[in-house]
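Residues per chain, in single letters:
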Amino acid sequence: MTGSTTRSTSRNAKRNAKRGRAGAAVLAVLTVPTATAGCKAQATGSAPAASSSPRATATDDDKPASPPSSPTAPPSSAPPTATASPTPKPDPQGTTLMASGSQGKQVRELQARLRQIGHFDRSPTGYYGTVTVAAVQSFQGKRGLTRTGRADTLTWQKLLGMTHEPTAAELNPPTTQQVAKPDKRCMTGRVLCISKNSRTLSWMIDGRVMSSMDVRFGSQYTPTREGTFSVYWKSRHHVSSIYHTAMPYAMFFSGGQAVHYSADFAARGYNGASHGCVNVRDEGKIASLFAQVKNGDKVVVYG
């Protein structure tokens, strides 16, 4: 009985051992596909369960899927350091005292001094415009200076040394244009001395200028006649019978040509012309002249 029991137990143990080995084999077969499937999922791009933060490479066009744990600082936005410009060389003719656009008493004095020596051909205005620039350039060229057209210290010093201090009449002359030297026919008696070149009229008595004023003449189609005439008719409130325009303070000297006030000349200056008359634009001066001139007084019109 004992021997039989022993043999039965041995057989059972062998069967159990076989069954245990078979179960282990089955368990091993089931485990291998599970591990393989996990590797395949990672290869297709699924994020692993645990990984370090992604890092962008130098060839990335987009931002990383998630921000890095330690973001880098943005590039500096500080402006570039400015390059120092070279120091300009000083003007050999000194500091500019007056230039185009300047205005005031010193500009008027500059113009008056230039006029004294023939570089400025009109009355001082106190404004530094293109005519003054050209006058300064002319003066600088004659004195061997750089023709800048600006009144610098060297130019000003040379000009002061060649001219005298302008008088009140030189600073504020009665006419815009420089009054011409009177024609010899104007040197005796009572004369309206009219120069086409300087565009001025001087009222003279025995060679002495009593007053002067700007005047305007006829166009090339209706020129003002030149020669020696006399005033034959005065008409205070005259109106032209041909053009039907007002001719206040008219003093006729040659046919229909007269010296008279012109509102158009006062408004437009030398942009217009008369039909042969001698226009005056200063109404106060022509009114005073009209009161002094008498019929028979001489009129001299010259180029």
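The residue count restarts for each chain, going from 1 along the sequence in the order it is written. Given that the model is predicted, a residue must reach a pLDDT of at least 70 before its local features are reported, and side-chain atom pairs must reach 80 or more before they are shown or counted; all residues, however, enter totals for whole chains, interfaces and linings. Where side-chain values are given, they derive from all heavy atoms of the structure, hydrogens and water being excluded.

### A short note on the environment of K181
Condition: Helix numbers and strand numbers start at the N terminus; a helix is a DSSP run of H or I with at least 4 residues, a strand a run of E with at least 2. For the exposure calls, accessible area comes from a 1.4 Å probe over protein chains only, and a residue counts as buried if that area is under 20% of its type's maximum, exposed if over 50%, partly exposed in between.
Note that K181 resides in the loop between α5 (168-171) and β3 (190-195). By relative accessible area, which is 75% here, K181 ends up exposed. Taking the C-alpha atoms as reference, K181 lies 8.8 Å from S195; in sequence the two are 14 residues apart.

### A short note on helix α3 (residues 130-142)
Our working rule: What a helix should span is 1.5 Å times the count of its residues minus one.
A rise of 1.5 Å per residue sets the reference length of α3, with its 13 residues, at 18 Å; its end C-alpha atoms lie 19 Å apart and thus fit the reference within 8%. Within two residues after α3, G144 carries a phi angle of roughly 75 degrees, on the positive side.

### A few points about the side chain of S235
Put simply, the rule reads: Under the rule applied, a polar contact is a pair of N or O atoms within 3.5 Å (in protein, one hydrogen donor and one hydrogen acceptor; residues adjacent in sequence only if both atoms are side-chain atoms). In what follows, a contact means two residues having at least one pair of non-hydrogen atoms within 4.5 Å.
With respect to the helices, strands and loops of the structure, S235 is situated in strand β7 (residues 233-239). Among the residues examined, S235 registers a relative accessible area of 13% and is labelled buried. A distance of 3.2 Å separates a polar atom in the side chain of S235 from a polar atom in the side chain of H238. Beyond its immediate chain neighbours, meaning those up to four positions away, S235 contacts M247, Y249, A250, F252 and F290.

### Re the packing of aromatic side chains
Stated formally: Any two rings among Phe, Tyr and Trp, with Trp reduced to its six-membered ring, count as a pair given centres within 6.5 Å; such a pair is stacked if its planes are under 30 degrees apart, edge-to-face if over 60, and tilted if neither.
Scanning the model with the defined rule gives 5 aromatic pairs in all. Ring centres of F229 and F253 lie 5.4 Å apart, and the angle between their planes is 50 degrees; this geometry places the pair in the tilted category. On the criterion of sequence distance, the pair formed by F229 in strand β6 (residues 227-230) and F253 in strand β8 (residues 246-254) is long-range, its members being 24 residues apart. Like F253, F229 is buried.

### Regarding the state of the cysteines
Going by this rule: Note on terminology: disulfide denotes any pair of cysteine sulfur atoms within 2.5 Å.
On inspection of all chains with the given rule, the structure shows 1 disulfide. Between C186 and C193 runs a disulfide, and the two sulfur atoms are separated by 2.1 Å. Torsion about the S-S bond of the C186 and C193 cystine: about 80 degrees, corresponding to right-handed handedness. Overall, C186 belongs to the buried group, its relative accessible area being 0%.

### A short note on the sheet that holds strand β9 (residues 257-261)
Short version of the rule: Pairing between strands is defined by DSSP: at least two bridges between them are needed. The convention used is that axes are lines fitted to C-alpha atoms, helices contributing only their stretch in contact, and that angles between N-to-C directions extend from 0 to 180 degrees.
The sheet built from 9 strands is open, its strands ordered β6-β11-β3-β4-β5-β10-β9-β8-β7 with mixed pairing. In the strand order of this sheet, the two ends are held by β6 and β7, each with one partner. When the angles between neighbouring strand axes are averaged without regard to direction, this sheet yields 30 degrees. Sheet contacts for helix α7 (residues 283-292): β3, β4 (200-205), β5 (208-216), β7, β8, β9 and β10 (278-280); angle to β8, the most-contacted strand, approximately 50 degrees.

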